[in-house]
Each structure stands twice: as structure tokens, then as C-alpha cells.
Amino acid sequence: MGSSPSSYVPKTIYLNVDGKVQKVVFSRHCSPCDIKELLCSSSNIPRNSAIMMVDPEGAMVSIDPTMPPNSPNTLYKVVPLSTGQLGEKEDMFQNVLSQVAEQFSRAFRINELKTEVTNRLAMLEKRVELEGLKVVEIEKCKNDLKKLRDEMTSRVGGRLGQSIKVNCPCKYNFSDDGKKLTPRRDVPSYPKYTLSQETIEALKKPTFDVWHWEHNEMLSCLEYMYHDLGLVKEFNMNPITLKRWLLGIQENYRSNPFHNFRHCFCVSQMMYGMIHLCNLQEKLTLTDMGILMTAAVCHDLDHPGYNNTYQINARTELAVRYNDISPLENHHCAVAFQILCLPECNIFANVDLEAFKQIRQAIITLILATDMARHGEILESFKQKVDSFDFANEEHVTCLKMVLIKCCDISNEVRPTEVAEPWVDCLLEEYFMQSDREKSEGLPVAPFMDRDKVTKPTAQIGFIKFVLIPMFETVMKLFPQIEEIMVQPLRDSRDHYEELKQIDDAMTEAQKKKTENMSLGGKKK
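Computed from a prediction, not measured in an experiment: that's the story for all the values here.

Here we take up the packing of helix H14 (residues 327-341) against helix H15 (residues 353-368). At a minimum axis distance of 9 Å, the contact between H14 and H15 shows a crossing angle of 145°. Handedness of the H14/H15 crossing: right-handed. Between H14 and H15, the residues in contact are Glu329, Asn330, His332, Cys333 and Phe337 and Phe356, Arg360, Ile363, Ile364, Ile367 and Leu368, respectively. A per-class count over the contact of H14 with H15 returns 7 nonpolar, 2 polar and 2 charged.

Next comes the structure, spelled out in C-alpha cells:
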């Protein structure tokens, strides 16, 4: 489409130049700078001079193509601005700017903050240069920079009375100890293991020996489980993101004697085994499978090696933060979703928001169910449902999933003796670390954790008889196929430790009689 011819009609204004009428014609498309040059030339004023234009009444007229037209009877006048006038305005402007800058500098201490930011940035840049950080590590630096900006903002806000931070003087701080939310290793260096058919079949069974595998091999096994169960396809996971997530998980388990990454793998492998053994793929949805596996992988993240009883009695930061209600389990959930909040680790990034909310809530429910303080309550609820269990009933299925993760969490004694027994040693070592600390801090000590009172048989017999066997036998009502593979090994383990206890008791009795005889012999002399 064309424009109307009237849009090209030039514009005319009339000037008073030394008492004479000067006609000035220009296009409506001229720039203000072009019009100023034209006005200077018409008024015998040097080009590029600072000018202003006034009407007959002395009012200023804007110099641009939209200026109002006039007539020879209402002449405009072009007036050059003196250097003095410009200087005064510039001086005034600079003075105002200086005052504003000084006030801001006082309020925000810009120079001090600038120096601190510069130093921190220089330190981060040096890290990038010296360590040759790769993609994931660069993301860590970005997070550090964001944290630094937030810190600076918070500090300035605090000075202005806009931000108040409450510091909680708890006895011990576990929140910043060993935090490594972003994986330290780049994904391309993550070795790819090809699992043999023998290993693939063994992974599906409770007899799997978890002691023969290095961390990278365990990561590859977990990765295989997610692919094999169809979870990568179901949740549209990026395979590289799955690798990064597993690395993030592994590096956020501490090097405790028991609650470490190998325990995480142990629980996850048992969950994978129960899914196959109980044919859960035919009874539950793929979303349920993803919830069970992910909760198992995350269930003890960042465990400090000291249980809830210690957290509460010592009034640690975790106990205060979670009001003495399952402080460790709440912390495991929080760390799990901190990792999932990292874009490079979010395996559920392609799940719609509403579905993710439900997945998140279900994972939290399962991890919180691993608190042994709730064992009786959860098992009793399952017992009431098991005889008339309905897989179409959401409440029934949720209760089943809670019991399944509990079974997997404490399932070591289901495994062969040569696999299970080293775990008892690891657990006792962690218990003794806690009881020694409790004694040194004047806190109550549980008898089953006291190195002066507990033995391996006494530690296991009661736990197997009154916790493990009743729970697995209840699950057996719903899945009879677990009796031979899971329940019978528990009964054998109970018998094994009872025999060990009889031997220990006989040796103790013999030692006692020997001491008494030696004492009597000394008196006769």
C-alpha cells in the first residue's frame, strides 16, 4: 500500500532574523539535529552552536519535525545559548550527581562492597584458570556468583533495616557439613560399564552380593535399573541428566560406616529385586515404579551418622529445624529435592507440573516412612488392609509402597550370611561412634548401641524376631512367592544368631567358673 501524497508536503516556519522575516522550509522526516543546523544557518549562527527557539511571547518551542507551525505575523526567534549558561547548568548537574553518589556511597558502602565482590570474582576466575573446570564445575561457579550477589543484597538490605536474619544457636550444625549438591565430576568421564547377562539376572535377586562393586559400577547398575524398568522412557528423562543426577546422589552420601552410598545401592537393588520378584510391574503403574526407585535411592541422603534420638537429645540444628519430628528423614527429603532443583540433575524436568507435585509428595511420604519410630503404626495399618487388599485403592497402594521401602531399608539379613554379616559390623561401628559421643556429652545411651553391653548376636536376635520376620511375613500374605527367597533366610539368620548366643553364653559361663575356681584355690592356700 502507498502513503498519501500529503505526507510528503514540506513544513514551513518563519523566523525573526535581525528584524527581517526569514522563511525556513524543511521535510517532516528531518532529524532534530538537521533542523538545528538549518536554523543556525538561517539565523547567521555558527553550526553546532547550542540554541533555543522562542515564540513572540518568549515561550520556548521544541526544535523537531513536530514543532507547531507559525505565520509571518507570529515570528519565531532563534537564540544562541551563552557558554556561561551552559557551564552553570553543567556545574549544577555535576554537583547534584556528586551529592547523590556520596549519599549512595554512605548508605550502601559501595566501595567496600565493590572491593569484596572484585576479590571474590578474582578468586573464582583463578579457580577456573587453575583447575580447568568443566561444564558442571562452571555451573557451580555460577551458583557461587549468585550466592555472592544474594549475600551482598542481604547485607545491604540489613543495613537499611529491610532484612532481618534470625540465627539459631544450635549445638551442632550438620547443614553445611559436606554439602556437594552439584556433582564434582563431568559426565563424559563417567565410565560406561556393559553389564553381563549374569549380572543383569543377579541384580533381580535378593542374593546379589553388594560388596564386589566399586562406586562407578554401582552407578552403572542403578542407571541400568531405570532404563530396564522403562522409567527413562516413561518420564522422558534425558539419559545424560540421569547420569548427572546419580553422580549428585552418590556425592551427597557421606562416608559413614553404615549409612553411605553402598547402603543406598543396597536398598535400591533390593527394591528393584522385589519389583521383579513380586511382579509389581503388572500390579502398579510406571509412576509408582519411579516413586519406589527414586525414594530408595534418596532415602538416606546426607545422613550424618547419628540417629534421630541423638539429634533430638543434643538439640542439633536438624532437630530444631524440624521440631523433633523425624529430623533426619525430613533432611533426606530436603537434600533430595535440592538436587532435583538443579536443572542439570532434574530427571523429572519433562514431567508436567501437576504430575510432578504428586510424584514429589509420594517420594516424601515414602522417605518419611523409613523413620523406625513409625514402624508399629505403619505395619499395623498394612495388617488391617492386607487380607482384603485392593490394588485399585490408592490408600492401599500407598500403604504397600511404605511397607516395601521399609522392607528394603532393613533387608540386609535377607541376603546370604557372607553378604549380610559385614553390614552388622558396619552398623555396630556407627552405633558405637554415637554412644561414645553421647557418653562424652552426658546424653542418654541406648543399651543396644553401647559397646560395653551389646554383642553381635544380642543386637540381631531381637531385631530379626520382633521387627523383620513379622513385617516380611505380613508382606508374604500378599506375595507368597517371597517366603522361600526372603522370609526363610530371615528365619535361618535368627537361628544362626541364637546358636552364636548360646556359644557366647557357654563361654561366658565357663570363664565365670574358671574365675571362681581360681578364687577358691587362692583362699585354700
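Grouped together as the largest cluster of nonpolar side chains are 107 residues, with contacts concentrated most on Tyr226, Trp245, Phe472 and Ile482. In this structure, Phe472 is in contact with Cys407, Ser411, Val414, Ile482, Met486, Val487 and Leu490, ignoring residues within four places of it in sequence. In terms of nonpolar packing, the next biggest core, distinct from the first, is built from 16 residues, Phe26, Cys40, Ile63 and Met67 among them.

Spatial strand order, S4-S3-S5: 3 strands in an open sheet with antiparallel pairing. The outermost strands of the open sheet, each flanked by one partner alone, are strand S4 (60-61) and strand S5 (77-80). Alignment of strand S3 (residues 51-54) against S5, held across 4 bridges, turns out to be antiparallel. Within S5, the residue paired with Ile51 across the bridge is Pro80.

Conventions used here
Residues numbered from 1 in each chain as written. Predicted model: local features only at pLDDT ≥ 70, side-chain atom pairs only at ≥ 80, totals over all residues. Heavy atoms only, no water. Axes fitted to C-alpha atoms, helices over the stretch in contact; angles between N-to-C directions. Helix = DSSP H or I, 4+ residues; strand = E, 2+ residues; numbered from the N terminus. Left-handed = near helix turned anticlockwise from the far one by under 90°. Contact = heavy atoms within 4.5 Å. Nonpolar A, V, L, I, M, F, W, Y, C, P; charged D, E, K, R; others polar. Core = buried A, V, L, I, M, F, W, Y, C linked by side-chain atoms within 4.5 Å. Buried < 20%, exposed > 50% of the residue type's maximum accessible area, 1.4 Å probe, protein only. Pairing = 2+ DSSP bridges.

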